[in-house]
Amino acid sequence: MAKSENAFQFRQERSLASEKDFTRGVNSTALISVSIQLRFTDFTNENVIPAVNITAANGTTAFQFLQQAAQQNPCYLSQYITYPNLGHYITTICCVAQNTTSNFYWFVYINNALSPVGVDGLIPNNGDILRFEYRFINSTDGNHTETSAAKSPKVGKQDSMQMISVSVKLTFTNYPNPNVQPPEQVIAANGTTAFEFLQLASQLNPCYLFNYTQFSFGRYITTICCIEENKATQFYWFIYLNGIPSPVGADLLKPKNGDTLTFEYQMSTNTDHSTSAPTPRSATPRRATPRSGTPIINPKPTGKGQQMPAASLNVFISMAIGILAQKF
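Since we're looking at a predicted model, the values are computed, not measured.

**Quick notes on the environment of Leu 38**
Then comes step 1: For Leu 38, the location among the structural elements is in strand β1 (residues 31-40).
Then comes step 2: On the basis of relative accessibility, which here comes to 2%, the residue Leu 38 falls in the buried class.
Then comes step 3: Remark: the alpha-carbon pair of Leu 38 and Glu 133, spanning 95 residues in sequence, is separated by 5.8 Å.
Then comes step 4: Here Leu 38 is in contact with Glu 46, Asn 47, Ile 49, Cys 75, Tyr 76, Ile 93 and Phe 132, once residues within four sequence places are set aside.

**Describing helix α3 (residues 62-70)**
Then comes step 1: Regarding α3, the residues found buried are Ala 62, Phe 63, Phe 65, Leu 66, Ala 69 and Ala 70. The buried residues of α3 occupy one face: seen down the axis, they fall within an arc of 160°.

**Here we look at the packing of aromatic side chains**
Then comes step 1: On inspection of all chains with the given rule, the structure shows 16 aromatic pairs.
Then comes step 2: A network of ring pairs unites the aromatic residues Phe 40, Phe 43, Phe 104, Trp 106, Tyr 134 and Phe 136 as a single cluster.
Then comes step 3: Over the aromatic face of Phe 195 sits the side chain of Arg 219, whose NZ or CZ is 3.7 Å from the ring centroid.
Then comes step 4: Seen from the ring of Tyr 212, Arg 219 lies directly overhead, with NZ or CZ sitting 5.9 Å from the centre.

**Digging into helix α4 (residues 194-204)**
Then comes step 1: For α4, the buried fraction is high: eight of the 11 residues fall into the buried class.
Then comes step 2: Those residues of α4 that sit buried are Ala 194, Phe 195, Phe 197, Leu 198, Leu 200, Ala 201, Ser 202 and Leu 204.
Then comes step 3: Those residues of α4 that are buried lie in contact with β10 (163-172), β11 (184-189), β12 (210-215), β13 (218-224) and β17 (260-267).

**Some remarks on the state of the cysteines**
Then comes step 1: Under the counting rule described, the total for this entry stands at three disulfides.
Then comes step 2: Residue pairing for Cys 75: its cysteine sulfur links by disulfide to Cys 94, the two sulfurs lying 1.9 Å apart. On the sign convention where negative is left-handed, the bridge of Cys 75 and Cys 94, at about -80° about the S-S bond, is left-handed. Highlighted residues: Cys 75 in the loop between α3 and β3 (78-83) and Cys 94 in the loop between β4 (87-93) and β5 (96-97), separated in sequence by 19 residues.
Then comes step 3: Cys 75 sits in the buried class, given a relative accessible area of 0%.
Then comes step 4: Bridging Cys 207 to Cys 225, the disulfide has an S-S length of 2.3 Å.

**Details of the side chain of Glu 184**
Then comes step 1: For Glu 184, the location among the structural elements is in strand β11.
Then comes step 2: In this structure Glu 184 comes out as buried when scored by relative accessible area, which is 13%.
Then comes step 3: Of note is the side chain of Glu 184, whose polar atom sits 3.2 Å from the side chain of Asn 205.
Then comes step 4: Excluding residues within four positions of it along the chain, Glu 184 makes contact with Val 48, Val 166, Ser 167, Val 168, Ala 201, Leu 204, Asn 205 and Tyr 208.

**Some words on unusual backbone geometry**
Then comes step 1: One non-glycine residue with positive phi stands out, namely Cys 94, at about 55°.
Then comes step 2: On the basis of relative accessibility, which here comes to 0%, the residue Cys 94 falls in the buried class.
Then comes step 3: With phi around 70°, Asn 112 is a residue other than glycine that occupies positive phi space.
Then comes step 4: Its place among the elements puts Asn 112 in the loop between β6 (104-110) and β7 (113-114).

**What to know about the environment of Ser 202**
Then comes step 1: For Ser 202, the location among the structural elements is in helix α4.
Then comes step 2: Since its relative accessible area comes to 7%, Ser 202 is described here as buried.
Then comes step 3: Along the sequence, Ser 202 and Glu 184 sit 18 residues apart, while their C-alpha atoms lie 9.2 Å from each other.
Then comes step 4: One polar contact links the side chain of Ser 202 to the main-chain carbonyl oxygen of Gln 199, over a distance of 2.6 Å.

**Some words on the pattern of salt bridges**
Then comes step 1: Summed over all chains, the structure comprises five salt bridges.
Then comes step 2: Measuring nitrogen to oxygen at the nearest pair gives 3.1 Å for the salt bridge that ties Glu 133 to Arg 39. Pair noted here: Glu 133 is in strand β8 (residues 129-138) and Arg 39 is in strand β1, with a separation of 94 residues, a long-range link.
Then comes step 3: The exposure class of Glu 133 is buried, given its relative accessible area of 0%.
Then comes step 4: Where Glu 133 meets Arg 131, a salt bridge forms, and the shortest distance between an N and an O atom there is 3.0 Å. Each member of the pair, Glu 133 as well as Arg 131, is classed as buried.
Then comes step 5: Here the salt bridges do not stand alone but share partners, grouping Arg 39, Glu 46, Arg 131, Glu 133 and Arg 135 into one network.

About the thresholds
- Residues numbered from 1 in each chain as written.
- Predicted model: local features only at pLDDT ≥ 70, side-chain atom pairs only at ≥ 80, totals over all residues.
- Heavy atoms only, no water.
- Helix = DSSP H or I, 4+ residues; strand = E, 2+ residues; numbered from the N terminus.
- Buried < 20%, exposed > 50% of the residue type's maximum accessible area, 1.4 Å probe, protein only.
- Contact = heavy atoms within 4.5 Å.
- Arc of directions from axis to C-beta.
- Phe/Tyr/Trp six-rings, centres within 6.5 Å; stacked < 30°, edge-to-face > 60°.
- Lys NZ or Arg CZ within 6 Å of the ring centre and 35° of its normal.
- Disulfide = S-S within 2.5 Å.
- Polar contact = N/O pair within 3.5 Å; in protein donor to acceptor, adjacent residues only side chain to side chain.
- Salt bridge = Lys/Arg side-chain N within 4 Å of Asp/Glu carboxyl O.

Pasting the structure below:
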């Protein structure tokens, strides 16, 4: 295990048994409320992801609280490595993976203090604030610093063209609160496509990080915020402009000033696929693909979709028609 990893999520001087001593005497019958937070020191707004308040049994570990938070907000989905006699080591949250080149890792804080134990040994109390923070570590001497990477830009293209403002929104219909993630207000040049607006939004908020597949007629979005299309349950990503399904793909749709651009993860029907192109995995935006670890299972959509053997074909035909219409 790397020296830097031991420095913050694990303590070599603490055995698994001593971590259990740290939590001795817990009353597991009572319910407690804990605020779970994410902090990204390499983003302009470090606290861009809303906190999640979780009620659980007293004795619930920090690792379990993070799993429960992921059931309320997909940005809390995580990946981890399990080490014998040490437990879980968090490598990725919200599709943002540790980076051994830039020395950015995930740290665990309890009430603004660095946790003295790992996520399996840390047991928050009622009213505590549990924070998972992505930040720089100076690994040359094993010490922690508060230095952060360069901030992401707040706006898009800076040129002499007319600038417009568009609200970019994510909707997760398979979550209790589909609109759990606040929209991002993105400023860009007039003529910017929906695909480019999504790219700009991902520079403001890591939950907007995405993957896509490149086809001859355009790019097809498969994954946003670690939520990937699911052919078995018929859940896909759809594009809406001002609440209306887009008749074209992400490369052809050009929002206007004041528009609301929504990327919605929803169950598909034959009608949906033939009129609105769901928009998941080839090129990778910044840190969109985690480096290692075992993913926690995503919350699964409920219900069963209709069988659509030609669904993808309908999508591609719709996009191709849009391209031809634009050319002629």
